[in-house]
Structure formats: structure tokens, C-alpha cells
Amino acid sequence: MTAAGALTKATPLSRRTARWLDARLGAASFVRKALDKVFPDHWSFLLGELALWSFVILIATGVYLTFFFDASVEEIVYQGSYVPLQGVEMSRAYASALDLSFDVRAGLVMRQVHHWAANVYLATTVVHLMRIFFTGAFRRPRELNWLLGVGMLILSIVNGFVGYSLLDDQLSGTGLRIAYNIAISIPVGGTWLASLFFGGEFPGPDLIERLYVIHILLLPAVIIALLGAHLALVARQRHTQFSGPGRTERNVVGERVWPTFAAKGTAAFFLTAAMLCALGGLAQINPIWLYGPFRPAEVSAASQPDWYMGWLDGALRLWPSWEIRAFGFELPTPFYPSVLLPGVTFALLALWPFLEARITKDRREHHLLDRPRDRPLRTALGVATLAFYTVLFFGGASDVLAVTFQTSVNALFRAFRTALLVLPPVAGFVAYRLCRELARRDRPGATDEAPAVAPAAPEDGASHRRAIEPEDEPERDPASTAGVPRG
Amino acid sequence: MSTDGDGRRPGANGPGGGERRTRRDDRAERLVVAAFTVSIVGALILAVVYIAGGQAQLEGVALALALGGIGLGIAVWARYFMAADEVVEERHALASTEEEVTAFTAAFEAGEQTLARRGLLAKLGLGALGALGLAALFPIRSLGPRPGQGLKNTAYGDGGRPLRLVDADGVPIRPADLSRSSLTTAWPEGHEHDADASTLLLQVDRERFRPLPGREDWVVGDIVAYSKLCTHTGCPVGLYQTELDLLLCPCHQSTFDVLNGAEPVFGPAARPLPQLPLDVDEEGFLVATGDFSAPVAGGFWDRGRT
């Protein structure tokens, strides 16, 4: 240790702590490099961050809820303070969820923030995925991170469904029954799978306890592991950036982690948390006391799952009543829309980086992002796919829409089935033409700085002028000249 | 390493920024002060609300103020008082050099050869691991029973004798208890909690009702019984359009024709609701003389096999 590094009484505590830690970890140079890391800035890079912060809120509120929730199907008579259900027989799980809502101080706000956080987490995850897709951020070298992301998406959808299925209310019980019937529709092993998972025939004696362990331990642990790897890969491979002056495939232009990026990230966390708390306090979500305890022979009209399950519910409704029977065996209707469709969906999603590389024969490294207009075919394909799943999503609300718009469900079904076949190609075609038109308008500008490069393949940043130049330059100039210097 | 880039947004603390304060900086600073103050006030409100007995809306708002104040304060602080000049950092090649890869491969293969020298041991070791993996599958079997006849039968077929139909409280049902305009849900006596045995009792218009061939004596007067579980995904078929004699499933809108053997007429269901053979016993209560005409609820692989 040099004389300059010697500790004296006057050394600040933070510096002494750093030295204490470094003497044991030798991490000073590693951490210094981490603090110096550069992050490119763009509003769309915030989407993944919002998902991350929502997930943190999910964990925090979720831990609080576990202290009060009782995952048991043992039947008791409700004695809590919600008058309409007093004296009603119900499971301990449902009763403890009612207690959380009415008798645990701050319990309701925690429950609602948790549920809102789940919806926002999945929404921001999906929009983040769209950003990655439309800008080509999944291309080499980031295929592995794409796979990690798709894995997290699937597990998070499952965990969201499992989470709201725990409460043993009428709505969640209906969802579980549908899940059971989907499981037994799987050929050959389906009935085995359902029996092992549910512990017998629906509803099964151990189901809620099992779902609880899956919801609070198994899936969160796997998601956290994948999330850690996801973030580690971003750090290792560095973030992508849009092309612009001085931005090339071989550099990263942006802000340093310490302090600017770290401060912005921290602000994003607190603002996300604030939004979720405002939603959880002011916007009622999943009012289980209105649904009543689960009774297998009952169902409420307008049963709607959470939004991220909507496309599956829509697929179940809109799929025709086809059943294949041969040699005494059968492939029941629910198998196609609720096992085959999600299987194909997620398989294609996971394989997309490899499929695209095969189609375009582009296997080079990419650190500069595409603008969607410069890849009209990919953009058109993405838009068509989104149109398909959006129609399914609205199809899942067919009964609610029929009531709202005073139309017959039958007419709506026909409309949705037609839209499912017509809308995706139309939306894709419109997106394609829009891309071509936007790219064409950009072209004169592109020749300013570089000789004509094939516009569909921007390889270096100079070939594309940034559409928006630094946004606050005009506003800063007057401020710094007209401002009165003080102090 | 730090450059001015394209001269974008020279930071307030950046090179040359020095201690010059502008009116804009003052405004920003006041905003940060206000935001952090709001946060503290929010935290105090939260404490007061909690102590006063708690109120979900106020708690949510107080939390939002406390968290949002901090978030806004830091955001403004970062925006105005932290270096915003863009920094350019070189990207280093991700792939290792050819020498590094060769060295790694050589080291790995050397180790592999050491293992291969005792090839039998290596094979046996892998075999042991595989056997252990297979053995570890057996405990999974304990999770649930073998899916036997349970999916194909309900309590109605268990005893081989007629079972009374009862309501949710276990009270037997007489034909006179039913009315034309309402649905009655019934269960086999003693099995009021069976999820798979819930039964719909319907009073139909005898003039228009067409019993299926072979099921002419499955009705009692104008009363017919079907399984309540939709043949699509097993939801209770709870909506009855009396004037059309249609049963509607609220989950996925499958629709069944009550007058015609509960055949599906709309929606994703592919099979009719199974029918229950009805009779009355000597005391005048409704009984089921056997099990449903088919396995109830959603289909499965070997549903048609016995």
C-alpha cells in the first residue's frame, strides 16, 4: 500500500469501507470499469427497464402478501368483516385473501399493487419484446439473450395465471377448470399429466398448495436466474444503439453508468413504483369479494382472464368445433388453440433470430439497430403477427363486447373469425407500404454524408441521419445567453 | 476518452460549465427541492393514514407521493445537474482470438484424453448418472393417482342402483319442484360436492321435445337432465335462453339445443352435453337410473375407449 493510500482517522467512512472490501475482493478495477461503462440513450431502451422495476415491485409486494395468505383448501366458515360473505363456507385460501383485503391494514393496497404490477410487468415485457424485434436487436451476437427473454416471457405468463388462480374465488376456479380440461386434451400423456399435477381429478385436494409453491418459489427462482443472465449478457455484450453521427458498429455512444445512467435508472424505479402504487390505491383490480368462493357447479357470466391470457381465451372461443377421432382415440377441440397454438407461437418466437439469419443470410455481428422502416419485410411480418394476436385478444372478450355493443355473439364470432384471416395480411401490407414510403422520403438526406449505400442495410452509422437531432439544443442556447449568472 | 461528441448539451458540471448558475438551474433546483419535500410529506401522510386505521385509496396516493417525489427529484437532478455530454467507448470484439480458442480447445481435449484413458470407468459413470436420473423420476409418480375410470364415470354409475337427485343442500327433488323458466342444478344424493356430477334439470315443452332414439324413457314427463359441464373445457353451462330452448356456456359461448339431445349448435364445443336417464322412485322423487350417456366435460385422448 502506498503512502497516499494509507488510512488515517480523517479518511471518510465510505473510502474506508471500499478499502476494506477491496482488500478481500480485489474488485476495485472491475467496479471502476463498471462505473465507467457507457449506455446509449433512447426512450425505447426504457421499456425493458420498466419491466425490471415492475418485477422488483412484484417481489416486494409479493413477499408481504405471503405473510398473510394461507394456501389451504380446508373449508371454514367466514367470520371476517366483509358482511355479505359472513357465515359462508369457503376455503382458507379465499378467506385469507378476504382478510388481506378487509382486515389487514394496508393489505388491500399491497394486494392491488401486486396485481397491477403483474399486469404492467407483462405489458412492458411484451412491448420491450416488440422493440427488440422491430429494431433487429436480436441479431448476432444477441440470440442467446433473445432466448432468455422468451423464456422469461413464457414463465411470467404462467406465473401470472398461477398467481391469480391461488385465491380460490369463483373466477380463478373457473380458469383452473379450463386449464385442467386443456391439460387432459393433450394426446397420450394428457390425463396422466393432469392427474399428477392436480393430484387427481379436478379440483384435486392439493392444488392450491402446489400452485402456491410454484408461484412464490419455483417460478420466481427460475425467472430471477434468467433475469440475472439477461442483464449480465447486456453488460457483457454492451447495449445496442441507433445509428447517428459518430455512432458505428465498433463503438458505444452514450452516458456513463456513474452517476448519470444510475441516477436515471433509480428515478425510473421510483417513478414506476409510484405509478403502480397510485394504480393499486385508486384503481380497483380483481375484487374477489364480488366473485364469491369457488363452487364447481357455478360460473359467473363475463368470465375474463387477465389481459396476457386474453389471446388464449380468444383462440379457445374462435377455434372451430373440430375434433379428430380415429381408432377410438381423439384429439379434442381445446388441444389446437390452447396447446398447439401457444407451442407454435413460442417456438417460432424463440427461433426467429435463427430463421431470419437463414433467410437473409446475414450472419454478421450487429450493434447498430435497424429502424423498422429500413426492414420493411420484417416490420410487415411483425405487424401482421401483432394483428393476429390482437384479434384473438378481442375475440376473448366477445361476450363483453356483445353486451356493450348490443350485438349478437354469433355475429361477433363470424366477424372475428373473418378478421383473423383477413386483418393480418392487410395490416402487414399496409405496414410494408408505409415502411417503403418512409424510407423513400429519407433517402435524399442519407446522401448528404455518405455515398449511396443500400438503404435496407445500414452498416455504419454515417449512412443514416438521425431523424431527431439533440432535442433541447435550441432551448438551451437562449437560456445560457439570457440567463443571469448568479452566485 | 470523454469527448464532446457532436457538442450536444454541454453539461452544467461539464468542462467549462464551472460554477455559472443560470435561471434555468435555479428553477430546476427548486423543482428538486419541491419533489423531495413532497416525498417526505407523502411518507408522513402514509404514517398518519395507517395509524388512523388505514384506507386503501389514501395509502396508495401517499405511497405514490413518497415514491414519485424521490423519482421526480432524482430525474430532474440527473437531467440538469449531471454530465450529459456523450461519451464514446470502443467496442471490443466479443469473440476470443484464434490463439485463445486453440489454447482452450487443447486444454479441454487434454483433459478429455485423461478421462478417455479409463474409458470403461467414464462409460460406467455416465451410466450411473443416467440410472440415477431415471430413478429420480419415480417419486414424481406419487404426485397423483393413475388417471383411471374417474374421468369416464360419475357417482351416478357407482352403485349400480338408482340414485336420487338432490339440490346443493342434499334435499331430494320432485318433478313438481321444477318450473318451465328456470334451471335447477342437482347432484347424486351423497355426492353434493362432486365437481363432475353436477346435473341440469330442465322442464321442456313436450310438444317440441324430440328425445333421441333409445332415450324415449330417459325423461320424466317433461323433465330432462343433462350434464352441467360443457363438453369444450368443462365450464358449467349456466345460461338458459328459455324461449329458444338453448343452453349457453358463459366461458366460450358454446350453445346447446335442449330440445334436440343438447347437440351443440354454435361455438367451439364439438359434442352434445351427456344426458342422464331419469325416473321417479316410489316416493315420487327424481332418480337417475344410470350414469350419463357419455363421459362429462372436456374431451381427452382415450375418452372413447373402455
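If you're wondering where the values come from, they're calculated on a predicted model, not measured in any experiment. (Residues numbered from 1 in each chain as written. Chains lettered and ligands numbered in written order. Predicted model: local features only at pLDDT ≥ 70, side-chain atom pairs only at ≥ 80, totals over all residues. Heavy atoms only, no water.)

Colleague: Pulling in residues and values, what's your account of the interface of chain B and chain A?
Modeller: On the side of chain A, 95 residues touch chain B, which itself brings 84 residues to the contact. Buried area between chain B and chain A, summed over both chains or domains, comes out near 7900 Å², and the portion from carbon and sulfur atoms is 60%. Of all residues in chain B, Arg91, Leu94 and Trp301 of chain B give up the largest surface area on contact with chain A, accounting jointly for 12% of the area buried on that side. Scanning the region where chain B abuts chain A turns up 4 salt bridges. With its nearest N and O atoms 3.0 Å apart, the salt bridge here joins Glu86 of chain B to Arg247 of chain A. Counting across the chain B and chain A interface gives 26 residue pairs in polar contact (both at pLDDT 80 or more). The set of elements that each furnish at least two residues to the side of chain B that touches chain A consists of α1 (23-51), α2 (56-81), β1 (87-90) and β3 (184-188) of chain B. With 16 residues, the single largest contributor to the side of chain B that touches chain A is α2 of chain B. Residues of the side of chain B that touches chain A, tallied by class, amount to 38 nonpolar, 22 polar and 24 charged. Bridge count for strand β5 (residues 251-256) of chain A against β1 of chain B is 4 bridges, and the pairing is antiparallel. Paired with Gly254 of chain A across the bridge in β1 of chain B is Val87 of chain B. (Contact = heavy atoms within 4.5 Å. Buried area = accessible area lost by both parts, 1.4 Å probe. Salt bridge = Lys/Arg side-chain N within 4 Å of Asp/Glu carboxyl O. Polar contact = N/O pair within 3.5 Å; in protein donor to acceptor, adjacent residues only side chain to side chain. Helix = DSSP H or I, 4+ residues; strand = E, 2+ residues; numbered from the N terminus. Nonpolar A, V, L, I, M, F, W, Y, C, P; charged D, E, K, R; others polar. Pairing = 2+ DSSP bridges.)

Colleague: Help me get a handle on the side chain of Asp306 of chain A, residues and values and all.
Modeller: All names here are of chain A. With respect to the element layout, Asp306 can be found in the loop between α11 (288-291) and α12 (310-318). No salt bridge is formed by the buried Asp306. Its closest oppositely charged neighbour is Arg111, at 9.5 Å. Contacts of Asp306, omitting those with residues within four sequence positions, involve His115, Asn119 and Tyr164. (Buried < 20%, exposed > 50% of the residue type's maximum accessible area, 1.4 Å probe, protein only. Lys, Arg positive; Asp, Glu negative; His and termini not counted.)

Colleague: Lay out the environment of Phe81 of chain B in plain terms, naming residues and giving numbers.
Modeller: Counting through the fold element by element, Phe81 of chain B comes out in helix α2. Here the alpha-carbon distance between Phe81 of chain B and Asp25 of chain B, two residues 56 residues apart in the chain, equals 8.0 Å.

Colleague: So what's going on with the nonpolar core? Residues and values would help.
Modeller: The tendency in soluble globular proteins is for nonpolar side chains to be buried side by side. In terms of nonpolar packing, the biggest core is built from 107 residues, with Leu98 and Trp146 of chain A touching the most fellow members. Here the element with the most residues in this core is helix α5 (residues 107-134) of chain A; it accounts for 12 residues. For Trp146 of chain A, the contacting residues outside a window of four places in its chain are Leu129, Ile132, Phe133, Phe138, Leu349, Ala350, Trp352 and Pro353 of chain A. The next biggest cluster of nonpolar side chains, apart from the first, holds 23 residues, and it includes Ile178 and Leu316 of chain A together with Cys235 and Ala262 of chain B. (Core = buried A, V, L, I, M, F, W, Y, C linked by side-chain atoms within 4.5 Å.)

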